[in-house]
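Survey of secondary and tertiary structure
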Amino acid sequence: MSHEGLLVVVSGPSGAGKGTVLKRLKDSDDSIRFSISATTRTIRQGEKEGLNYFFKTRDEFKSMIEAGQLLEWVEYCGNYYGTPKEYIETTVKEGYDCLLEIEVEGAENVKKAYPDCVLIFILPPSFEELKRRIEKRATEEPEIVAKRLQRAREEMAYIENYDYVIVNDKIEDAVENLRSILKAEKLKLNRNRKMIEQFKH
């Protein structure tokens, strides 16, 4: 069947548990790779080039922007962060599924550049549960919690752009649902045209 990997974009509000779901899937599946961002921030102790980030100077990063080498990029807290196209394209061609955790606005840009990508939105079981999870962290002021909840409502306006929705109630179920989506996508007829063509001659 299809030998190329999938480009999978995962979004969802803060507190939905996206990172945990993706890490559990990757840890249990050798065919999964996470997209690696480029950044101008200083490398931290324990981080490795090409594993955690592609570390760039500001001039190098700006050159990547000008050359159209980034799928999307932002400036945050004085540093640039972006998604290099080359890493994604190479990963997919080698047969690995490349997972990209990204904001809803960025997901739109990815879909425009790669129409075959799979967009998945991860939700908590309810808005009340989302509020509980954010408050449980106990690391943020009430104003920040309120901002995160407002942002979650804003992100919901984009959900119609996505192909699938996963409700992260039990982590094991969410991981299995994500795995099922990837399996089903690889069986789609349009991803297996070359194999099908040989039966027509």
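Keep in mind the model is a prediction, meaning the values are calculated, not measured.

With respect to the pairing of strand 1 (residues 7-11)
Among the five residues that make up strand 1, five are buried, leaving the element largely enclosed by the rest of the structure. Neither face of strand 1 is exposed, since L7, V9 and S11 on one face and V8 and V10 on the opposite face are all buried. By the bridge criterion, four bridges tie strand 1 to strand 7 (residues 97-101) in an arrangement that is parallel. By the bridge assignment for strand 7, L7 is matched with C98. Across four bridges, strand 1 lies against strand 8 (residues 118-123) in parallel orientation.

Description of the layout of surface pockets
The volume enclosed by the largest pocket comes to roughly 1300 Å³. S37, Y53, E101, I102 and E103 are the residues nearest the centre of the largest pocket, which is lined by 36 residues in total. Among the elements that make up the lining of the largest pocket, the one with the highest residue count is helix 6 (residues 142-155) (six residues). Looking at side-chain class alone, the lining of the largest pocket contains 15 nonpolar, ten polar and eleven charged residues.

Remarks on the packing of helix 5 (residues 127-136) against helix 6
When two helices pack together, you describe them by how their axes are tilted relative to each other and by the distance separating the axes. As a packed pair, helix 5 and helix 6 sit with axes 10 Å apart at the nearest point and diverge in direction by 145°. The handedness of the crossing between helix 5 and helix 6 is right-handed. From helix 5, F127, L130, K131, I134 and E135 reach across to helix 6, where they touch V145, R148, L149, A152 and R153. Of the residues in the contact of helix 5 with helix 6, the class split is six nonpolar, no polar and four charged.

Criteria and thresholds
Residues numbered from 1 in each chain as written. Predicted model: local features only at pLDDT ≥ 70, side-chain atom pairs only at ≥ 80, totals over all residues. Heavy atoms only, no water. Buried < 20%, exposed > 50% of the residue type's maximum accessible area, 1.4 Å probe, protein only. Helix = DSSP H or I, 4+ residues; strand = E, 2+ residues; numbered from the N terminus. Pairing = 2+ DSSP bridges. 1 Å grid on protein atoms, 1.4 Å probe; cavity = no way out; pocket = protein on both sides within 12 Å on 5 of 7 lines; lining within 4 Å. Points joined across faces, edges and corners; volume = space filled by probe spheres on them. Nonpolar A, V, L, I, M, F, W, Y, C, P; charged D, E, K, R; others polar. Axes fitted to C-alpha atoms, helices over the stretch in contact; angles between N-to-C directions. Left-handed = near helix turned anticlockwise from the far one by under 90°. Contact = heavy atoms within 4.5 Å.

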